[in-house]
Amino acid sequence: MASIAFAFKALCVSLLFIVVASRPTGRPKVFNVQRHGSKPDGKTDNANAFTSVWSRACRRESGRSKIYVPKGTFYLGGVEFVGPCKNPIEFVIDGTLLAPANPRDIKQDTWINFRYINNLSISGSGTLDGQGKQSWPLNDCHKNPNCPKLAMTMGFAFVNNSNIKDITSLNSKMGHFNFFSVHHFDIIGVTITAPGDSPNTDGIKMGSCSNIHISNTNIGTGDDCIAILSGTTNLDISNVKCGPGHGISVGSLGKNKDEKDVKDLTVRDIVFNGTSDGIRIKTWESSASKILVSNFVYENIQMIDVGKPINIDQKYCPHPPCEHEQKGESHVQIQDLKLKNIYGTSKNKVAVNLQCSKSFPCKNVELIDINIKHNGLEDGSSTAVCENVDGSVRGKMVPQHCLN
């Protein structure tokens, strides 16, 4: 009888060991880049060491992998991190990643690029230093057809169910963060910084994306704080500070064939400070694409000394003169737009500019509690300009509305 009891107890212990051993461990496998050959001396190119670590972490079949960049300055040439991976990846950056100062030393469109990955998490107290100062004078493509191609700082393409938190991007050569065909992605607590006169340094740029959430982020740069391009849907932006920069822009749209609708955008609890624009939608005078821009909500937005606080521009032409297929007729239909509790100050007397297409007038534009004063006049009087727009108003209205 005792032997039977002993055997049963041994069997239970064995089963318990199997169950515990088969559970996934809570802690990820850590790959410290410095322990795998990377040197934080600010001059050794660590691109090969980083991609080697990525390959090992990505191939690991059980449990999570964590790539860790400790404090220190890690010089990094152009690098790509490509999936699919066999497990979720954490990429924690507490040090500084330093780009080549010479733009010709990056042989790809994006300095640090992530592609074909699910369940990626990037975080840390570190900095992506794009060293853009040497590149900005070269960014003259609107007048120089032989201008060099400059690299974005960090890009995501075909990356899903992922996030980036707390990272700082400093002085990008071109844009800071670029997203293409990315779905279900959170951007939280990120800081983006470049001088107000640094050309084409968009903060966050996205196209063909869906279900992106941007929150608690500070952006000051030389172009759009956030640029929303063709095919982007279900985008939520909240608690963002923008300035300097060109505001939160939808577009430009309508110039190229095969563009897709942009819809379901919510922008709330935003501060624009010293920007050229605040709320901005820009489309070309062209019949190349007949697309829909719809179901937008802008709410609880403060303007501080903003050049054009509310600006719908369907005659977009950044470098005149512009060539158009049909002058004066954008084929982008803008409709179902709500702007609520927008307040503050405008640099210019025209605080609200709704300049819509003659062929495809804006429809169902709703203005609720707008209070934007001109800071250049003692009485603060500002004006609104409307072309080809239909909508409604409720509540306080400064400037006086011009809707049909």
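Residues numbered from 1 in each chain as written. Predicted model: local features only at pLDDT ≥ 70, side-chain atom pairs only at ≥ 80, totals over all residues. Heavy atoms only, no water.

A closer look at the overall build of the chain
Then, in step 1: Along the chain, the regular secondary structure elements total two helices and 28 strands.
Then, in step 2: In terms of principal-axis extent, the alpha carbons of the chain reach across some 95 × 55 × 45 Å.
Then, in step 3: The proportion of buried residues among the 404 residues of the chain is 48%.
Then, in step 4: Within the chain, counting contacts between residues at least 6 apart in sequence, those at least 24 apart form 76% of the total.
Then, in step 5: Roughly 18,500 Å² of accessible area belongs to the chain as shown, and the carbon and sulfur atoms make up 49% of that amount. (Helix = DSSP H or I, 4+ residues; strand = E, 2+ residues; numbered from the N terminus. Buried < 20%, exposed > 50% of the residue type's maximum accessible area, 1.4 Å probe, protein only. Contact = heavy atoms within 4.5 Å. Areas by Shrake-Rupley, 256 points an atom, 1.4 Å probe, with all protein chains shown as cover.)

Quick notes on the packing of aromatic side chains
Then, in step 1: A full pass over the atoms with the stated rule returns 14 aromatic pairs.
Then, in step 2: On the numbers, 5.5 Å between centres and 10° between planes, the contact of phenylalanine 114 with phenylalanine 156 is stacked. Placement of phenylalanine 114 in strand S7 (residues 110-118) and of phenylalanine 156 in strand S10 (residues 152-165) is noted, with a sequence separation of 42 residues between them.
Then, in step 3: An aromatic cluster is defined as three or more aromatic residues linked by ring pairs; in this entry it consists of Trp54, Phe81, Phe91, Phe114, Phe156, Phe179 and Phe185.
Then, in step 4: Over the aromatic face of phenylalanine 31 sits the side chain of lysine 29, whose NZ or CZ is 5.9 Å from the ring centroid.
Then, in step 5: When the ring centre of tryptophan 284 is taken as origin, the NZ or CZ atom of lysine 255, which lies over that ring, is 4.4 Å away. (Phe/Tyr/Trp six-rings, centres within 6.5 Å; stacked < 30°, edge-to-face > 60°. Lys NZ or Arg CZ within 6 Å of the ring centre and 35° of its normal.)

A word on the pattern of salt bridges
Then, in step 1: Counting across every chain of the model gives eleven salt bridges.
Then, in step 2: Aspartate 236 serves as the salt-bridge partner of arginine 268, at 3.1 Å between the closest nitrogen and oxygen. Of this pair, arginine 268 sits in strand S20 (residues 262-273) while aspartate 236 sits in strand S18 (residues 233-242); the two residues are 32 residues apart in sequence, bridging distant segments of the chain.
Then, in step 3: Classification of aspartate 236 by relative accessible area gives buried; the value is 16%. (Salt bridge = Lys/Arg side-chain N within 4 Å of Asp/Glu carboxyl O.)

Some points on the UniProt feature "active site" (unreviewed entry) in the chain
Then, in step 1: The feature "active site" (unreviewed entry), as given by UniProt, occupies His246 in the numbering adopted here.
Then, in step 2: One can find histidine 246 in the loop between S18 and strand S19 (248-253).
Then, in step 3: Setting aside anything within four residues of it in sequence, one finds histidine 246 in contact with Gly222, Asp223, Asp224, Cys225, Ser276, Asp277 and Arg280. (UniProt positions renumbered as here; feature names shortened; annotations may be inferred.)

Considering the nonpolar core
Then, in step 1: With 90 residues, the main nonpolar core has Phe114, Phe156, Ile237 and Tyr298 as its most contacted residues.
Then, in step 2: The element that contributes the greatest number of residues to this core is strand S22 (residues 291-306), accounting for seven residues.
Then, in step 3: Apart from the residues lying within four places of it in its own chain, the contact partners of tyrosine 298 are Val250, Leu265, Val267, Ile279, Ile281, Leu337, Lys338, Leu339, Lys340 and Ile342. (Core = buried A, V, L, I, M, F, W, Y, C linked by side-chain atoms within 4.5 Å.)

What about helix H2 (residues 47-59)?
Then, in step 1: Between the first and last C-alpha of H2 there are 18 Å, a value that for 13 residues agrees with the 18 Å anticipated at 1.5 Å per step.
Then, in step 2: Considered for burial, the residues of H2 that qualify are Ala47, Ala49, Phe50, Val53, Trp54, Ala57 and Cys58. Along the long axis of H2, the arc covered by the buried residues comes to 165°, so they all point the same way. Opposite the packed face of H2, turned more than 90 degrees from it, sit the exposed residues Asn48 and Arg59. (Expected span 1.5 Å × (residues − 1). Arc of directions from axis to C-beta.)

Examining the state of the cysteines
Then, in step 1: Counting across every chain of the model gives five disulfides.
Then, in step 2: There is a disulfide in this structure between cysteine 225 and cysteine 242, and the S-S distance comes to 2.1 Å. Sign of the S-S torsion, about 85° for the bond between cysteine 225 and cysteine 242, identifies this disulfide as right-handed. Taken together, the residues span a long stretch of sequence, with cysteine 225 in the loop between strand S16 (210-220) and strand S17 (226-228) and cysteine 242 in strand S18 at a distance of 17 residues. Each member of the pair, cysteine 225 as well as cysteine 242, carries the same accessibility label: buried. (Disulfide = S-S within 2.5 Å.)

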